[in-house]
Amino acid sequence: MKKKWWHGKTAYQIYPKSFMDSNGDGIGDIRGIIGKLDYLKDLGVDIIWLSPIYQSPFVDQGYDISDYYAIDPAFGTMEDMDELLEEAKKRDMYIVMDLVVNHCSDQHEWFQKALQDPYGEYGKYFYIREGKDGQPPCNWRSYFGGSVWEKLPGYENLFYLHMFAKEQPDLNWENPKLREEIYKMIRWWMEKGLAGFRLDAIINIKKDLRFQDFPADREDGMCSAALMLQNAQGVHEFLQEMKEKAFAPYQAFTIGELFDFREEEMEKYIGENGCFESIFDFAPHLIGGNQKGWYACEPVDPDAYRDTVMRSKLTSQKTGLMANIIENHDEPRGVSRYIPEGEVTEISKKMLAGLMMMTYGLPFLYQGQEIGMTNTHFESISDINDISTIEEYRLAREQGFDEREALDIVAKFSRDNARTPMQWDDTEHAGFTDGTPWLKENPNYKEINVADQEGREGSVLEFYKEMIRLRKDPEYGNTVVYGEMIPAYEGEKRLFAFCRKDEDHTLLVVANYQNEDRTIPMEFDSKKILVNNYPEDNIEKRVLKVKDGWLLTLRPYQFIVAEL
Ligand code: GLC
Ligand code: CA
């Protein structure tokens, strides 16, 4: 594989609204981020992805952009942004912005002009279609609930398409003029010194233009719009063109958000000829999912987690590096999801961290993950801001769950779990703001915060630093980044184990994914323990010589990396 500058790096996602507020208005901002760059540098972060900070009415928290060339005043000014780029550069850090071009906001100038004249130039920037006698053109359901079609105000039988909220009209990528506008905007940002973009909902840009009905998958008579994506042909042409015209001239780092793609097409997305540098690995996030809604989703089983991660890496490692995540701004907290309830401790959090850091790929942390932030506690549905949680709550109520039950259901999956303010210290509002935070802080901030963990031996934060250092270690780094991932101890329940192997080293990674001791045969001769999530533990003492080899006893949720 051809080596790329970013392969050995560590990336970190900032959700600006909840990261650090510098002026007491309760909303995180760019100056807040600048003030924390040294913290991130010390953690070992190289690449920072910012969720959208463009001008927006915030129907979907900035993923509804009304001006791609402006910073929303809630976050600061363009001067602040320039300063952030400069300060990052001084520290050898790279800034990646969010590119949301499947749709824009209904407040964007283009859509406003389309409303005035749907048959004119800007009408062609969107998908505007005639309905069936005042009914939508087809039965697709939007990701946030309800039809993907919304009536154009003032017209009886004219609709526009929106895969997400109705305030997020989809942009018509079939129109070369629109595509040029987007490439122009990308180049404008790249000229400013960005390292690249994270591409939002990017597989959605290609539609199946037949706009046909599919069999209904819920009682509402509609079907998931994701079904359409399976029939849409030709997204790669758009993506290749965008790469050529906008990204390649700047050697941009690009990372795609795509859920519904065909695994056998991996080479079209990443690697030498892929249209992106990397894509997020969402395979584990789909475990337990259900088309019906959150009320029908199942908790994640540790063995399913292992099998899913393993399979995904074995498929992708021949081609390139996917980005490893346990959470992001659209997901509940990873520790609350992938560690069984009641067993979430610093030890088990570090096990999950170790696994994520040692699997093949680019580690992509989400703010707060490095201190083991957990899901929050919602008193009532009015504590929730997220548009998709509110829809899921409605769905659960419709299914007959009472208010308490419906709240418990959505609390497990709500995107707001990840959007509560970053927990910096144990002062009021977790040190995030001097004002009132736009979303309530997690009540556990007094126990879980950066100030407590910095420099404390055994903390989750210090463990992440250790794992990040290993990735950059002059001796072992290459093996951690490029070493082949080979399953080990296959068939053992609740044991997640594999090797990372190259010409120089073989590293054995073992995680005892349960709350009990277990003894395993040491099939290999270990030279050295490189990582152990029980810091005070002398593991050699628990290696037992038996007749034909060695036995090792692992403690609950113990995680080790051993050189063989
Ligand atoms: C992506 C974003 C999510 C947003 C959606 C629509 O999935 O990550 O936050 O709601 O796209 O833009
Ligand atoms: Ca602010």
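Everything below is about the structure shown above.
Here the residue numbers are simple positions, counted from 1 along each chain's written sequence. Note on labels: chains are lettered from A, ligands numbered from 1, in written order. Only residues with pLDDT of at least 70 get local features here, since the model is predicted, and only at 80 or more are side-chain atom pairs given and counted; chain-wide, interface and lining totals rely on the full set of residues. Side-chain measures here rest on the full set of heavy atoms in the structure, leaving out hydrogens and waters.

> A description of the overall build of the chain should follow, citing residues and the corresponding values.
Here a helix means four or more residues in a row that DSSP labels H or I, a strand means two or more in a row labelled E, and each is numbered from the N terminus. When helices and strands are tallied, the chain shows 17 helices and 23 strands. Considering only C-alpha atoms, the chain reaches an extent of 85 × 55 × 50 Å along its principal axes. Partly exposed residues are those whose accessible area sits between 20% and 50% of the maximum for their type, while under 20% is buried and over 50% is exposed, using a 1.4 Å probe and protein chains only. Buried positions account for 62% of the 564 residues belonging to the chain. Any two residues having at least one pair of non-hydrogen atoms within 4.5 Å are treated as being in contact. At a minimum sequence separation of 6, the contacts of the chain that also span at least 24 residues come to 71%. Each accessible area is a Shrake-Rupley result for a 1.4 Å probe, and residues are judged covered by the shown protein chains and nothing else. Surface summary for the chain: the accessible area is close to 22300 Å², and the carbon and sulfur share equals 48%. Charge assignment: positive for Lys and Arg, negative for Asp and Glu; neither His nor the chain ends contribute. By convention, the charge on Lys lies at NZ, on Arg at CZ, on Asp at CG and on Glu at CD. The positive charge centre, built from 66 side chains, and the negative charge centre, built from 100, are 4 Å apart in the chain.

> An account of the coordination of the calcium ion (ligand 2) is requested, with residue identities and associated values reported.
Protein ligation of the calcium ion (ligand 2) involves Asp21 (OD), Asn23 (OD1), Asp25 (OD), Ile27 (O) and Asp29 (OD), the donor distances falling in the range 2.2 to 2.3 Å. A 2.8 Å cut-off from the metal defines N, O and S donors, relaxed to 3.2 Å for Na, K and Ca; water is not in the atom list, so some sites may appear incomplete. Read from N- to C-terminus, the donor residues coordinating the calcium ion (ligand 2) fall into the pattern D-x1-N-x1-D-x1-I-x1-D.

> Let's hear about the site of ligand 1: which residues, and what values?
Around ligand 1 there are 13 residues in total, and Asp60, His103, Asp200, Glu257 and Asp330 lie nearest to it. At 2.7 Å from an oxygen atom of ligand 1 is found a side-chain nitrogen or oxygen belonging to Glu257. Here the shell around ligand 1 is composed, by residue class, of three nonpolar, three polar and seven charged. Residues are labelled near a given molecule or strand when at least one of their non-hydrogen atoms is within 4 Å of it. Here a polar contact is taken to be a pair of N or O atoms separated by no more than 3.5 Å, where protein atoms must pair a possible hydrogen donor with a possible acceptor and residues adjacent in sequence count only if both atoms sit in side chains. Three classes are used, and their members are as follows: Ala, Val, Leu, Ile, Met, Phe, Trp, Tyr, Cys and Pro are nonpolar, Asp, Glu, Lys and Arg are charged, and the others, Gly among them, are polar.

> Go over the sheet that holds strand S13 (residues 278–279) with me, naming the residues and quoting the values.
Two strands make a pair as long as DSSP finds a minimum of two bridges between them. Reading across the sheet, the eight strands line up as S13-S12-S10-S5-S2-S1-S15-S14 and stay open at both edges, with parallel pairing between neighbours. Pairing within the sheet leaves two strands with one partner each, and these edge strands are S13 and strand S14 (323–324). Sheet strands in contact with helix H5 (residues 176–191) are strand S5 (94–99) and strand S10 (196–199), and its direction is about 135 degrees off that of S10. Angles shown run from 0 to 180 degrees and are taken between the N-to-C directions of axes, each axis being a line fitted to C-alpha atoms and, for helices, limited to the stretch in contact.

> Lay out the packing of aromatic side chains in plain terms, naming residues and giving numbers.
Whether two aromatic rings pair depends on their centres lying within 6.5 Å, for rings of Phe, Tyr and Trp, where Trp uses its six-membered ring; planes under 30 degrees apart make the pair stacked, over 60 edge-to-face, and the rest tilted. A full pass over the atoms with the stated rule returns 38 aromatic pairs. Note on Tyr122 and Tyr125: the rings are 4.8 Å apart at their centroids and 50 degrees apart in plane angle, and the pair reads as tilted. The same class applies to Tyr122 and to Tyr125, which are both buried. Through pairs of rings, three or more aromatic residues link up here, namely Tyr54, Tyr68, Tyr69, Trp110, Tyr122, Tyr125, Trp188 and Trp189. Over the ring of Trp438 we find Lys17; its NZ or CZ atom is 4.2 Å from the centre of that ring. A positively charged side chain is recorded as over a ring if its NZ (Lys) or CZ (Arg) lies within 6 Å of the ring centre. The angle to the ring normal must also be within 35 degrees. The ring of Trp424 has Lys36 sitting right over it, with the charged end atom 4.0 Å from the ring centre.

The values are spatial; any link to function lies outside them.
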